[in-house]
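# Structural features, examined
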Amino acid sequence: MKTPSPSPVYLHRVDSARNMARFYLLSVQPTLFGQLSLVRNWGRIGSCGQAKIETFDTPDDVQNALARLERSKRNRGYVDPGKPATSNPT
């Protein structure tokens, strides 16, 4: 049985005082061998950025990694597009 993959998480962090405009994209993609990959893409807004792919055996493992990374980025000041940052962490 196929489990639905979560929708991609797109976050950004913009601080014009520090000339910072960054994005972070997390998505889950199936592999050809029945596993799931967590694809991370990050960089300056307007660029292609960098990418990293981690492969997991179970859906629970990939969900835990996705939640951990999303929580970490939100703690560092990344927010959903269209929402202003509520605080300015250093």
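One structure accompanies this document, and this report is about it. What you see is a predicted model; the values in this text were computed from it and never measured.

### Remarks on helix H1 (residues 59-75)
Across its 17 residues, H1 extends 24 Å between first and last C-alpha, which sits within 8% of the 24 Å expected from 1.5 Å per residue. All of the buried residues along H1 are Val62, Ala65, Leu66, Leu69 and Lys73. One side of H1 holds all its buried residues, which, seen down the axis, span an arc of 100°. Looking at H1, the residues exposed on the side facing more than 90 degrees away from the buried face are Asp60, Asn64, Arg71 and Asn75. Remark: Gly77 follows H1 within two positions and exhibits a positive phi of approximately 105°.

### Section: the sheet that holds strand E1 (residues 9-15)
Through backbone hydrogen bonds, the strands of a sheet pair up, either in parallel or in antiparallel fashion. Here four strands make up an open sheet; going across it, the order is E1-E2-E3-E4 and the pairing antiparallel. Two strands bound the open sheet, and with one partner strand each, they are E1 and strand E4 (50-56). Geometrically, the sheet is characterised by an average inter-axis angle of 15° between neighbouring strands, direction not taken into account. Inspection of the sheet shows strand E2 (residues 20-30) paired to strand E3 (residues 36-44) by nine bridges, in the antiparallel sense. Its bridge partner lying in E3, Phe23 is registered against Gly43. Strand contacts of H1: E1, E2, E3 and E4, with the helix running at about 20° to E3, the strand carrying the most contacts.

### Quick look at a nonpolar patch on the surface
The grouping of Tyr10, Val14 and Ile45 at the surface amounts to a nonpolar patch, some 250 Å² of accessible area in total. Secondary-structure assignment places Ile45 in the loop between E3 and E4. You can call Ile45 partly exposed: its relative accessible area is 38%.

### Digging into the pairing of E1
Summarising burial for E1: five of the seven residues are buried, a large majority. Pairing of E1 with E2, which is carried by seven bridges, proceeds in the antiparallel orientation. The residue bridging Val9 from the neighbouring strand is Leu26, located in E2. Where E1 hands over to E2, the hairpin turn is made up of four residues, of which Asn19 adopts a positive phi near 55°.

### Considerations on the pattern of salt bridges
Inspection of every chain in the model, using the stated rule, returns three salt bridges. A salt bridge links Arg40 to Glu54, with the shortest nitrogen-to-oxygen separation between them at 3.0 Å. Remark: Glu54 occurs in strand E4 and Arg40 occurs in strand E3; sequence separation between them is 14 residues. Glu54 sits in the partly exposed class, given a relative accessible area of 24%.

Scoring rules and cut-offs
Residues numbered from 1 in each chain as written. Predicted model: local features only at pLDDT ≥ 70, side-chain atom pairs only at ≥ 80, totals over all residues. Heavy atoms only, no water. Helix = DSSP H or I, 4+ residues; strand = E, 2+ residues; numbered from the N terminus. Expected span 1.5 Å × (residues − 1). Buried < 20%, exposed > 50% of the residue type's maximum accessible area, 1.4 Å probe, protein only. Arc of directions from axis to C-beta. Pairing = 2+ DSSP bridges. Axes fitted to C-alpha atoms, helices over the stretch in contact; angles between N-to-C directions. Contact = heavy atoms within 4.5 Å. Patch = residues over 30% accessible without salt bridge, like charges linked within 9 Å, V, L, I, M, F, W, Y side chains within 5 Å. Areas by Shrake-Rupley, 256 points an atom, 1.4 Å probe, with all protein chains shown as cover. Salt bridge = Lys/Arg side-chain N within 4 Å of Asp/Glu carboxyl O.

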